[in-house]
Structures are given as C-alpha cells and as structure tokens.
Amino acid sequence: MTTTTPRPTPQSATHQRHTKAKSSARQRIAFAIGNLGQAAFYNAMSTFFMTYTTTALFARTDKAVAARMIALITSLVVAIRIAEIFLDPLLGNIVDNTRTRWGRFRVWQFIGGIVPSALLIVVFTGVFGLVNVNTTWFIAAFIVTFILLDVFYSARDISYWGMIPALSSDSHERGVYTSLGTLTGSLGYNGVTVIVIPIVSYFTFRFTGEHTQGQPGWTAFAVINALFGLLTAWTVAFGTREQHNELRGGDEHCKPLDAFKAIGHNDQLLWMALSYLLYAVANVATTGVLFYQFTYVLGMPEQFALAGVIPVVTGLLTTPLYPLLNRVVPRRWLFTGGMALMIAGYAMFIAAPRNLAVVLIALVLFYLPAQTIQMTAILTMTDSIEYGQLKTGRRNEAVTLSVRPMLDKIAGAFSNDIVGFVAVAAGMVGSASAGDMTAGNIHTFTTWAYIVPSVGIVLSLVVFLARVRIDEKRHARIVEQLEARLADTTR
C-alpha cells in the first residue's frame with residue numbers, strides 16, 4: 001500500500017504566504033531598528049565626543065594643560081580614523097570568515113552591542129575620573145579604550161550592512177532593506193543632535209544644580225546612548241535570519257591579504273567606489289562649511305538650524321519612496337537625476353550666496369537626492385558581491401561592503417582639513433563678522449565651498465555613467481549564471 005502526500009489546501013497555502021509575509025515584515029523592522037541606534041551611537045562617538053572633550057572633560061584641569069590635552073586627543077582621533085582606512089577590509093575579512101550556528105553577521109551584532117556600549121561610557125567619564133588624577137595615565141588608557149571602541153563599532157557597522165546580501169539575493173528586496181536602514185539611520189543620527197543639549201543640561205542640573213553642560217550630564221548622555229545602542233544591535237541579532245543557499249554555501253576561509261585582493265580584482269566595486277568617493281568628499285566639503293555660510297556670508301547665524309531641519313525633512317520624504325521608485329525607474333537614472341539636482345543646487349549657491357531664500361532652495365536641492373545617491377551606491381556595491389564571486393570564484397560579503405564605510409572615513413578625514421582651510425582662506429576666523437567680509441572673501445568662500453565641490457559631483461557622475469555597468473538586470477543575470485555554475489559543480 002502506498003501513501004501520497006496531500007496537496008496543500010488553498011487555505012493552507014494562503015496561511016503559509018501570510019506567515020511568510022509576517023516573518024519578512026518582522027525581519028525588515030528588526031533590521032531597520034538596528035541602524036536607528038547605530039547611527040545615534042556614531043554621532044555620539046564622533047561629533048559629540050569632541051564637543052565633550054573641548055567643553056567638559058578638562059574642566060578641572062589647568063587651561064594650558066587642557067589645551068595641550070585637547071590638541072593631543074584630537075590628533076589621536078584623526079590618526080586612528082586614518083589607520084582605520086586600512087583596518088576596515090581586515091575587519092570585513094574577519095566577519096566573512098566567521099562560522100557560527102547563528103551565521104556570520106548576527107554574532108557581530110550581538111558583540112557589537114555589548115563592547116562598544118561599555119567603552120562609550122568609559123570615554124565619557126574621563127576613564128572613570130582618571131583624567132583628574134593623572135593625565136599621563138589617562139592618555140595611555142584613553143588610547144587603548146578609544147581604539148577598541150572604534151574597532152568594535154566598525155565591526156558592528158560592517159556586519160550590519162554586510163548582512164543585506166545574506167538576507168536576500170534579490171536586488172529589489174535589498175533595496176528595501178537599504179532604504180529602511182538609511183531612513184532610520186538619518187533619524188538616529190539627527191535625533192541625537194536634537195536631544196543632546198536637553199539631556200546633558202537636565203542631568204547636569206539634577207546632579208550639580210548648575211544650568212550648564214557638565215561632566216554628570218555627559219555621562220548620563222553616554223549611558224542613554226550606550227543602552228539604546230545595545231538594545232538596537234540585539235534587535236538585529238535576535239530578529240533577523242541569514243539565508244543559507246548555494247550562493248552563500250562556501251566554507252573556504254579568506255586570508256587577510258586576500259581581503260585586499262578581493263577588492264582589487266572587483267573592477268565594478270572599484271569604479272563605484274571612486275564615483276562615491278568623489279561625491280562624499282564634495283558633500284562633506286560643502287556641509288562642513290554651511291555654518292560659515294549662515295554666520296559670515298548671510299550674517300544670520302540664528303537661521304543655521306534650518307541647515308539641520310532640511311536634511312531631516314527631505315530624508316523622511318525621499319528614503320521611503322526609494323524602493324517604490326526603483327521598481328519603475330532603474331537605479332542608474334535615479335543616481336543621474338539625483339546628481340542633476342545637486343548640480344542645480346550648487347549653481348544657486350554660486351549665483352546668490354547672500355540671498356537667504358535662494359540659499360534655502362539650494363539646500364533643498366542639495367539634500368533632496370542625498371539618500372537616493374547613497375542608497376544607489378550601497379546597492380551597487382552590494383550587487384558587486386555576486387559580480388566578484390562570478391569573476392574570482394570567491395564570495396566576499398563583508399569585505400566588499402567594508403569599502404563604503406572606509407570611503408566615508410576618508411571623506412571625513414578630509415572634512416576637518418577642508419573646513420579649517422576654507423575658514424582661514426576666506427578670513428572667517430577670530431572676531432571677524434559678516435560686516436567684515438569683502439567681495440574677495442565671499443568669492444574665496446564660494447570657490448572652495450561650492451565651485452570646487454561641484455566639479456567633484458560632475459566627475460562622480462561621469463565615472464558612474466562611463467564605468468559602472470552593474471544594474472538590476474545585469475545583477476539578475478549574474479545570479480542566474482552563478483546558480484547554474486554551482487548546480488553543475490554539485491552534479
């Protein structure tokens with residue numbers, strides 16, 4: 001007697017689809033929550049750690065000693081950032097070589113929630129008050145602590161974005177994850193800017209009775225960010241599931257030197273990286289000097305908050321629309337249209353830098369396509385993983401996606417130098433005011449803040465259109481070729 005497996009009833013098939021949809025929605029939400037805390041953590045670690053260092057860390061130290069310590073810490077942070085350019089591919093290699101029952105990436109979200117959170121609290125307490133006891137020992141402890149903080153945060157960041165190809169091999173579905181992560185990242189990063197002063201002021205007053213931003217307030221700020229970072233990282237660790245298929249089935253370990261070879265042999269990754277680097281440097285060159293635009297060119301420093309509100313609003317409007325637009329408009333044209341809007345914004349900055357209305361319109365045009373450009377770059381680099389796998393026979397997920405954070409760090413390293421150069425060259429230093437600015441000063445500022453960066457944007461677009469060949473259709477063909485090749489090898 002033989003038995004046959006009954007076919008699923010329409011109700012059971014519908015139930016399966018419903019269950020799968022709910023699981024997919026939960027995974028998307030869990031992934032999105034991860035970057036909410038990760039971006040907030042990064043802003044606290046980078047931007048506001050330096051604010052804390054210059055205002056509260058050395059409050060009980062002699063002014064001359066404090067000035068030397070601030071200069072030393074600033075130099076150390078810059079040096080660590082530059083060294084990290086070479087470290088990120090190695091961290092990506094470690095993530096790619098990770099083999100656990102939970103997959104390659106989720107374990108690093110778990111670890112990346114614990115270690116950086118604890119170390120963030122350490123640096124925002126002056127290494128538990130050691131700064132007020134012995135500055136030599138403090139600097140030694142700070143160096144070790146900050147390096148570990150930066151390394152483990154980078155591992156979390158790389159594993160987060162490197163997880164996308166492990167969650168889906170479909171290019172459009174990857175776009176959904178990228179869009180969600182970018183949206184929550186913008187909210188987390190800019191949200192910290194909104195709440196930092198109220199939090200620091202409130203807790204400083206509660207502990208000292210002073211209406212200022214003191215050490216207790218900054219410690220409380222760090223604790224809140226650390227707990228939020230821990231919870232959001234663990235949401236990703238426990239709320240997502242990595243796919244296990246033939247494309248990702250290789251167990252071959254990649255040696256450290258092979259990480260750099262994987263990047264060097266992937267020409268599509270390198271061309272997209274060059275295009276993105278030109279964009280990123282131009283972007284930070286402009287955003288870094290907007291304070292000077294409002295303070296010295298317009299003479300309206302009180303309106304500078306608008307430069308923070310505009311990117312938040314435009315990000316909220318454009319980021320959720322990206323997956324929908326990408327279903328009818330190829331990424332290539334979304335990127336091109338975004339660059340065209342930025343170029344139009346630069347033209348308005350250059351034409352009327354002293355007109356507030358024109359400057360605000362220019363800011364809208366400048367920021368409106370920012371998330372679209374960045375998501376296109378991330379997705380193109382993500383799709384280059386399969387391209388590199390087809391070309392070399394090796395699959396390097398985290399190594400490939402470590403390139404984009406590395407490029408952002410290169411651009412960030414340029415940012416401080418660019419801002420300082422522009423401020424000095426345009427005479428926007430010391431006790432200077434808007435009334436002191438000559439036509440020559442304004443021209444110098446406009447040249448380096450807008451004209452030169454706009455050339456970088458144009459070059460970025462030229463490189464993208466001329467050399468980047470991976471799009472949604474080509475990626476789909478590459479996946480089909482890989483699946484066919486892997487099927488042949490298993491026969």
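Residues numbered from 1 in each chain as written. Predicted model: local features only at pLDDT ≥ 70, side-chain atom pairs only at ≥ 80, totals over all residues. Heavy atoms only, no water.

1. Some words on the packing of helix α11 (residues 267–287) against helix α15 (residues 331–351)
Part 1 of the argument: It is the contact of α11 with α15, at a shortest axis distance of 13 Å, that shows an interaxial angle of 30°. Taken as axis vectors, α11 and α15 run roughly parallel relative to one another. The chirality of how α11 crosses α15 is left-handed. Facing Met272, Ser275, Tyr279, Ala282, Asn283 and Thr286 of α11, the residues of α15 in contact are Phe335, Met339, Met342 and Tyr346.
Part 2 of the argument: Class assignment for the residues of the contact of α11 with α15 results in 7 nonpolar, 3 polar and no charged. (Axes fitted to C-alpha atoms, helices over the stretch in contact; angles between N-to-C directions. Helix = DSSP H or I, 4+ residues; strand = E, 2+ residues; numbered from the N terminus. Parallel < 35°, antiparallel > 145°, perpendicular 65-115°, else oblique. Left-handed = near helix turned anticlockwise from the far one by under 90°. Contact = heavy atoms within 4.5 Å. Nonpolar A, V, L, I, M, F, W, Y, C, P; charged D, E, K, R; others polar.)

2. Concerning the nonpolar core
Part 1 of the argument: Core analysis: the largest hydrophobic core is formed by 59 residues, its most contacted members being Tyr279 and Phe445.
Part 2 of the argument: Not counting residues within four places of it along the chain, the set of residues in contact with phenylalanine 445 comprises Val289, Tyr292, Gln293, Val297, Val422, Ala426, Met428 and Tyr450.
Part 3 of the argument: Counting residues in each nonpolar core, the second largest holds 36 residues, with Met69, Ile80, Phe146 and Leu149 among its members. (Core = buried A, V, L, I, M, F, W, Y, C linked by side-chain atoms within 4.5 Å. Buried < 20%, exposed > 50% of the residue type's maximum accessible area, 1.4 Å probe, protein only.)

3. A few points about helix α17 (residues 370–392)
Part 1 of the argument: With 23 residues, α17 extends 33 Å between its outermost C-alpha atoms, agreeing within 8% with the 33 Å of an ideal straight helix rising 1.5 Å per residue.
Part 2 of the argument: At isoleucine 385, α17 is deflected by roughly 25°, the largest bend along its length.
Part 3 of the argument: Counting buried residues in α17 gives 20 out of 23 residues, a clear majority hidden from the surface.
Part 4 of the argument: Just downstream of α17, glycine 393 is the residue with a positive phi angle, here 85°. (Expected span 1.5 Å × (residues − 1). Bend = angle between axes of the 7 residues up to and from the residue.)

4. Quick notes on the side chain of histidine 475
Part 1 of the argument: When you line up the elements, histidine 475 lands in helix α21 (residues 472–490).
Part 2 of the argument: A polar contact of 3.0 Å, which involves the side chain of histidine 475, links it to the side chain of glutamate 386. (Polar contact = N/O pair within 3.5 Å; in protein donor to acceptor, adjacent residues only side chain to side chain.)

5. What to know about the side chain of arginine 174
Part 1 of the argument: Its place among the elements puts arginine 174 in helix α8 (residues 171–208).
Part 2 of the argument: Since its relative accessible area comes to 0%, arginine 174 is described here as buried.
Part 3 of the argument: At 3.3 Å, the side chain of arginine 174 and the side chain of histidine 475 are in polar contact.
Part 4 of the argument: Leaving out residues up to four positions away in the same chain, arginine 174 has contacts with Ile164, Pro165, Ser168, Ser169, Leu379, Thr382, Asp383, Glu386, Arg395 and His475.

6. What about the environment of tryptophan 234?
Part 1 of the argument: Relative to the assigned elements, tryptophan 234 resides in helix α9 (residues 215–239).
Part 2 of the argument: Along the chain, tryptophan 234 and glycine 113 lie 121 residues apart, while their C-alpha atoms are 6.4 Å from each other.
Part 3 of the argument: Discounting chain neighbours no more than four positions away, the residues touching tryptophan 234 are Gln109, Phe110, Gly113, Ile114 and Gly239.

7. Section: the pattern of salt bridges
Part 1 of the argument: All told, the structure shown has 9 salt bridges when counted by the stated rule.
Part 2 of the argument: One salt bridge connects arginine 395 with glutamate 397, and the closest N-O pair in it is separated by 2.8 Å.
Part 3 of the argument: Exposure remark for arginine 395: the relative accessible area of 14% places this residue in the buried category.
Part 4 of the argument: Judged by relative accessible area, which is 0%, glutamate 397 ranks as buried.
Part 5 of the argument: Of the charged contacts, one joins aspartate 408 and arginine 404 as a salt bridge, the two residues approaching to 2.8 Å between their closest N and O atoms. In this pair, aspartate 408 and arginine 404 are both assigned in helix α19 (residues 403–425), 4 residues apart and thus about one turn of the helix distant.
Part 6 of the argument: Judged by its relative accessible area of 28%, aspartate 408 falls in the partly exposed class. (Salt bridge = Lys/Arg side-chain N within 4 Å of Asp/Glu carboxyl O.)

8. Thoughts on helix α10 (residues 256–264)
Part 1 of the argument: Taken as a whole, α10 has its buried residues at Asp258, Ala259 and Ile263. In an axial view of α10, the angular spread of the buried residues amounts to 145°, which keeps them on one side of the axis. (Arc of directions from axis to C-beta.)

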